[in-house]
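Chain by chain, the residues run as shown.
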Amino acid sequence: MIKFENVTYIYNPNTVYEKKALDNINIKIDEGQIIGLIGKSGSGKSTLVQNLCTLLKPTSGKIFTDNKKIGFVFQYPEHQIFEMSVKNEIEFAIKNLDETEKHKRVLDALVAVGLTNNYLNKNPFELSGGEKRKVAIASILVMQPEILILDEPTVGLDFKTQQNILSYIKKLHETKKITIIIISHNMNIIAELTQKTIVMENGKIIFYGQTYKAFNIPDIKLPDTKKLINLLNAKGFQIPDSIIKFDETAKFIAKKLKEKQN
Amino acid sequence: MNFGQFYNTKSIIHQLDPRIKLLSLIIFGTQIFFIDSIQNYIVIICTMFFLVYLSHVPFKLFLKSTKSICSIILFTSILNMFFITNGNVIFKFFFLRITDCSLMLAIKMSLRLIILVFLTSLLTFTTSTLRLTDALVNILSPFKKILPTNEISMIISITLRFIPVLSEEFKMIMKAQTMRGIDFKSKNINERIKNYLALLIPIFISAFRRADDLAFAMQARCYNPNIKRNSLKKLKLQAADFYAISFLIAFFFLTCFLENLKF
Ligand SMILES: Nc1ncnc2c1ncn2[C@@H]1O[C@H](COP(=O)(O)OP(=O)(O)OP(=O)(O)O)[C@@H](O)[C@H]1O
Ligand SMILES: [Mg+2]
């Protein structure tokens, strides 16, 4: 159970720079799912997840996580790389385990992000941007978190690398069944990957529920599929609301086209 | 991080010419170390509070700046107390002796540092970094032949501009590394030093990355340090500045006079 109870967070309290970033948050987040966290810049998304993983302590209110292990991948995690080999970088958090266990976990984490053991002795500073990010994500996965938080996991990467990383996140969720919370400004990612979505505005949660329902909120940014569907629906098609993923949309349109042909 | 950040209230002090504020800080900041008499301290502290009041900057902010150097003040006054041994002993503990002279000196030293922090804060709270560098370049301009004043001003403004950025970045990296299980409070000194490398390497890389970006951006805008520049807002003394100058000169002589007065 992940639960926020009347959580308020204020930056620099009792000073002139006081800023209420979370305003009386109450939410019970479902586990074992991929959850999207969206909202405008400055709406408090990062503050919310930093409270969740105890990097920040709520000014008031309580957060329950059942002592689950939480992994948090920051924005641009590759900027935090500091070891001279991929192996050392990834195993840093689990240095105290014995050799065989360590090796097994490092390999697991590497495979989970789609790298092979050829990378172990490479210098992480000489890898490409996408590979660096994968190493950085692996260095969190190696701790085997039960809740994984990803802050903008694909920002600043090219489309193909983005898709590649996302496919591994999806696979990770399918194999390990862990809870994954993804913060993103890219609605295509949210639509494609998540089952449920939290929408924040001005430090408040204004929506939590099925992702497709979030896209009915007025003024919200839409994924490309939803834009297309809205255009088609305006031309008299009746594509149900619940369809937002690429392959679902394609399947539905293909079905309709076939019906027309016959 | 609040120390030395501009806090605009548009008060009289804010509108004063930055050159006057900078020069008076240099002069009075030096003078404070030659002041010894109690009556002078009282007058200076009262004037200082009056200026703080005029600036309309919350007193809390000044206290905060002072708090951040509290440990230095404490450290220097304790050192002072133990290493000066003339005067009457008022407290003895093994080989440590505190005398009335050393106590007095410690109090005065602390007062001087606190006054200095207050005055510096007064300057930085009431003057934007842009105006401050303008003032500095202006003051240095007679030495243009021997000093690269333009570069100096550019270096200073870039440094000042990036202090809060790097400080934010530092905090962010610290958080990220904490999430990776790096313990910055580890009891083992060896491990702790190693762990701080996890902080230093990313912060250095990030600083260099920013420097690189900035250099490219400046080049793209054809920045040339050797070109003659003028500023959008020319510094020009106003009526209020002349009053301030008169006040400061009068105040300087008053403190000199009080210093030589014996009761
Ligand atoms: N260290 C800090 N000190 C003071 N205020 C902060 C700090 N970090 C964030 N804030 C403020 O808190 C509010 C919420 O910030 P937060 O970083 O949680 O937003 P966000 O939703 O993550 O935005 P983004 O999408 O840009 O990452 C913002 O108004 C921000 O200015
Ligand atoms: Mg954020």
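Below: a short report on this structure. (Residues numbered from 1 in each chain as written. Chains lettered and ligands numbered in written order. Predicted model: local features only at pLDDT ≥ 70, side-chain atom pairs only at ≥ 80, totals over all residues. Heavy atoms only, no water.)

### Some thoughts on the overall build of chain B
Tallying secondary structure elements over chain B gives 10 helices and 2 strands in all. Listed by position from the N terminus, the elements making up chain B come as α-α-α-α-α-β-β-α-α-α-α-α. In summary, chain B has a C-alpha radius of gyration of 23 Å against a globular reference of 18 Å for 263 residues, an excess of more than 25%. Principal-axis analysis of the C-alpha atoms gives chain B an extent of 65 × 60 × 40 Å. (Helix = DSSP H or I, 4+ residues; strand = E, 2+ residues; numbered from the N terminus. Rg over C-alpha atoms; globule rule 2.2 N^0.38 Å.)

### So, the sheet that holds strand E7 (residues 179-183) of chain A
All names here are of chain A. Reading across the sheet, the 6 strands line up as E5-E6-E7-E3-E8-E9 and stay open at both edges, with mixed pairing between neighbours. Each end of this open sheet is capped by a strand with a single partner; those strands are strand E5 (70-73) and strand E9 (204-210). Averaged over all pairs of adjacent strands, the angle between strand axes in this sheet comes to 15 degrees, irrespective of strand direction. For strand E3 (residues 34-39) and E7, the ladder comprises 4 bridges, and the chain directions are parallel. Paired with leucine 37 across the two strands is isoleucine 183, which belongs to E7. Docked against the sheet, helix H4 (residues 129-141) engages E5 and strand E6 (147-151), running at close to 165 degrees with respect to E5. (Pairing = 2+ DSSP bridges. Axes fitted to C-alpha atoms, helices over the stretch in contact; angles between N-to-C directions. Contact = heavy atoms within 4.5 Å.)

### Things to note about empty space enclosed by the protein
Inspection of every chain in the model, using the stated rule, returns 3 cavities of 30 Å³ or more. If you add up the space inside the largest cavity, you get close to 80 Å³. Lining the largest cavity are Ala112(A), Val113(A), Lys134(A), Ile137(A), Leu141(A), Leu148(A), Ile165(A), Tyr168(A), Ile169(A) and Leu172(A). Elements represented by at least two residues in the lining of the largest cavity include exactly H4 and helix H5 (159-176) of chain A. No other element matches the 4 residues that H5(A) contributes to the lining of the largest cavity. Roughly 70 Å³ of internal volume is contained in the second largest cavity. What lines the second largest cavity is Phe72(A), Val73(A), Phe74(A), Pro77(A), Gln80(A), Ala136(A), Ser139(A), Ile140(A), Ala176(B) and Arg180(B). Secondary structure elements with two or more residues in the lining of the second largest cavity: E5 and H4 of chain A. For the lining of the second largest cavity, the element with the highest residue contribution is H4(A), accounting for 3 residues. Classifying every residue of the lining of the second largest cavity by side-chain character gives 7 nonpolar, 2 polar and 1 charged. (1 Å grid on protein atoms, 1.4 Å probe; cavity = no way out; pocket = protein on both sides within 12 Å on 5 of 7 lines; lining within 4 Å. Points joined across faces, edges and corners; volume = space filled by probe spheres on them. Nonpolar A, V, L, I, M, F, W, Y, C, P; charged D, E, K, R; others polar.)

### Let's talk about the side chain of Thr179(A)
Residue and element names in this part refer to chain A. With respect to the helices and strands, the residue threonine 179 is situated in strand E7. Overall, the relative accessible area of 2% leaves threonine 179 in the buried class. For threonine 179, the residues in contact, after removing those within four places along its chain, are Ile2, Asp30, Glu31, Gly32, Gln33, Glu146, Ile147 and Leu148. (Buried < 20%, exposed > 50% of the residue type's maximum accessible area, 1.4 Å probe, protein only.)

### A short note on the packing of aromatic side chains
Residue and element names in this part refer to chain B. For the coordinates displayed, the defined rule picks out 14 aromatic pairs over all chains. Geometrically, the ring pair formed by phenylalanine 59 and phenylalanine 118 is tilted, given 5.8 Å between the ring centres and 50 degrees between the ring planes. Of this pair, phenylalanine 59 sits in helix H4 (residues 59-68) while phenylalanine 118 sits in helix H6 (residues 100-126); the two residues are 59 residues apart in sequence, bridging distant segments of the chain. Geometrically, the ring pair formed by phenylalanine 62 and phenylalanine 125 is edge-to-face, given 5.2 Å between the ring centres and 85 degrees between the ring planes. With phenylalanine 62 in helix H4 and phenylalanine 125 in helix H6, the pair connects residues that are 63 residues apart, well separated along the chain. Across the pair, exposure class does not vary: phenylalanine 62 and phenylalanine 125 are buried alike. One residue, arginine 161, lies across the ring of phenylalanine 162, its end atom 5.4 Å from the ring centre. (Phe/Tyr/Trp six-rings, centres within 6.5 Å; stacked < 30°, edge-to-face > 60°. Lys NZ or Arg CZ within 6 Å of the ring centre and 35° of its normal.)

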